[in-house]
Amino acid sequence: MPELPEVHGYKVYMDSTCLHKTITKFQCRDKRLLKQSLSIFEKHLLGKQLVDIQRIGKYLFVKTSGEKTLVIHFGMTGRPTYYKEQDDRPKFGHIVLTFENGFHFAFENKRKFGWWNLIDSIKDYKSEHNLSVDARDLSLADFKASLSTRKTDIKKVIMDQSVAAGVGNWMADDILYQAKIHPQKKVENMSDDDVEAVFKAMKNVIEVAIKYDAHYVDFPDYFFIHNRKEGAKCFHTGVEIEKIKVGGRTTYFSPKWQTL
């Protein structure tokens, strides 16, 4: 699933390809991917331009030259593709914008968990969906404040989009591995040093992943993602990695490195 670093890359890609071009055609093969009717999308996108993109967590908020802001969520397998020839339309490019310059923007969505919406206000949307500040912009003070009322497992908390928007499953495992914190450690039992270690690791994971365009193979050797599978060896201890469920999500950790 695309998480913060991947969606950051999508924003950079769209910034360089899709902005300030008048939309002349809107196509959607599966209307279930639209949170509004097809006619509403046509009304607010045709003849308009995409003028600015803001990323918050895993969401892209694309301001148009009209009244609405387009919200894009990439689901499990979504990705953007900009192309010219009709024959180059991606197989799973279920939503396509055509621009006046003859190029097209496809929203690839193989498993169809991604979606588009149209909204009036980013601020109101964040409030209605309890979406925090983007994890990349989150301050230590706000992070500590969010954790101060929590009593559940730390992994569940840092994956809560009202706490750290953009942190997903692989990121959470890597963050806790780098912080030497067991994923089932209760937040109420964490010291200030523990919380600060998690925060520092979160910032490191985000910045390194963005630096390397989310190409995992290029990440430093100490990153957990290289050994994030059951039976692999911990980079630090050589002990086998274990798999558990936390909050219903598959979770990997090093039992000797991350102790309860």
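Draft legend 1. View of the overall build of the protein chain. Each helix and strand in the protein chain was counted, giving 7 helices and 10 strands. Taking 2.2 N^0.38 as the reference for a compact globule, 260 residues should give roughly 18 Å; the C-alpha atoms of the protein chain span a radius of gyration of 20 Å, in line with that estimate. Along the three orthogonal principal directions, the C-alpha set of the protein chain runs to about 60 × 35 × 30 Å. Looking at the 260 residues of the protein chain, the share that counts as buried comes to 52%. In the protein chain, 62% of the contacts between residues at least 6 apart in sequence involve partners at least 24 apart.

Draft legend 2. Spatial organisation of unusual backbone geometry. Positive phi outside glycine occurs at His20, with the angle close to 60 degrees. Here His20 lies in the loop between α1 (4-15) and β1 (23-28). Its identity is not glycine, yet Asn130 carries a phi of approximately 55 degrees, on the positive side. With respect to the helices and strands, the residue Asn130 is situated in the loop between α3 (122-128) and α4 (140-147).

Scoring rules and cut-offs
- Residues numbered from 1 in each chain as written.
- Predicted model: local features only at pLDDT ≥ 70, side-chain atom pairs only at ≥ 80, totals over all residues.
- Heavy atoms only, no water.
- Helix = DSSP H or I, 4+ residues; strand = E, 2+ residues; numbered from the N terminus.
- Rg over C-alpha atoms; globule rule 2.2 N^0.38 Å.
- Buried < 20%, exposed > 50% of the residue type's maximum accessible area, 1.4 Å probe, protein only.
- Contact = heavy atoms within 4.5 Å.

Geometric values such as these leave the question of function open.
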